[in-house]
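Structure at a glance
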Amino acid sequence: MTRWIIPCLASACLLCFVGPAAAVDPPCDAYPQAKQARCVTIWKELNKEDGQTIAQFGLDQQKRREEGKINAQQHLAENMAFIKQSTDKRLTRLKERMAAE
């Protein structure tokens, strides 16, 4: 049972970052109201663009876990590091695209 808790929790964390947007996504609430709708659109596009990379990371990591190459703690630590890195990259691209608008 515990064997599946960490991978499920980590997957849920990933989905939080790439799931559907709320009324205004947190990275967009920093922009003036007039620009928030455009920001949300760009943010969704960025999430779609990175979706395949995120999915592939998860598949590769799960395979390594099943092969015994990483343990549960490593799995979770790698997930958290990947989430932070990929989110930071998307935020940078969001800022660049919003500046170009």
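Residues numbered from 1 in each chain as written. Predicted model: local features only at pLDDT ≥ 70, side-chain atom pairs only at ≥ 80, totals over all residues. Heavy atoms only, no water.

1. Regarding the overall build of the protein chain
What the protein chain contains, in helices and strands, is 3 helices and 0 strands. Ordered by position in the sequence, the α and β elements of the protein chain form the string α-α-α. Within the protein chain, the fraction of its 101 residues that count as buried is 29%. Considering only intrachain contacts with a sequence separation of at least 6, the fraction spanning at least 24 residues in the protein chain is 63%. (Helix = DSSP H or I, 4+ residues; strand = E, 2+ residues; numbered from the N terminus. Buried < 20%, exposed > 50% of the residue type's maximum accessible area, 1.4 Å probe, protein only. Contact = heavy atoms within 4.5 Å.)

2. Things to note about helix α2 (residues 33-66)
Under the 1.5 Å per step criterion, the end-to-end length of α2 is 47 Å for 34 residues, consistent within 8% with the ideal 50 Å. Its axis deflected by about 45 degrees at Asp-50, α2 carries its strongest bend there. Of all the residues in α2, the buried ones are Gln-36, Cys-39, Val-40, Ile-42, Trp-43, Leu-46, Asn-47, Asp-50, Ile-54, Gln-61 and Arg-65. Once α2 ends, the next one or two residues include Gly-68, with phi positive near 80 degrees. (Expected span 1.5 Å × (residues − 1). Bend = angle between axes of the 7 residues up to and from the residue.)

3. A look at the packing of aromatic side chains
Per the counting criterion, the structure on display carries 1 aromatic pair. An angle of 5 degrees between the planes, with centres 3.9 Å apart, marks the rings of Phe-57 and Phe-82 as stacked. Here Phe-82 lies in helix α3 (residues 72-100) and Phe-57 lies in helix α2, a separation of 25 residues in the sequence. Note on Phe-82: relative accessible area 12%, which makes it buried. (Phe/Tyr/Trp six-rings, centres within 6.5 Å; stacked < 30°, edge-to-face > 60°.)

4. With respect to the pattern of salt bridges
Scanning all chains against the criterion turns up 8 salt bridges. Residue Arg-38 is joined to Glu-101 by a salt bridge in which the shortest nitrogen-to-oxygen separation is 3.2 Å. Placement of the pair is Arg-38 in helix α2 and Glu-101 in the segment after α3, with a sequence separation of 63 residues. A relative accessible area of 54% places Glu-101 in the exposed class. Between Arg-93 and Asp-50 there is a salt bridge, with the nearest N and O atoms lying 3.0 Å from each other. Highlighted residues: Arg-93 in helix α3 and Asp-50 in helix α2, separated in sequence by 43 residues. Its relative accessible area of 21% is what places Arg-93 among the partly exposed residues. Overall, Asp-50 belongs to the buried group, its relative accessible area being 13%. (Salt bridge = Lys/Arg side-chain N within 4 Å of Asp/Glu carboxyl O.)

These figures capture arrangement, not role.
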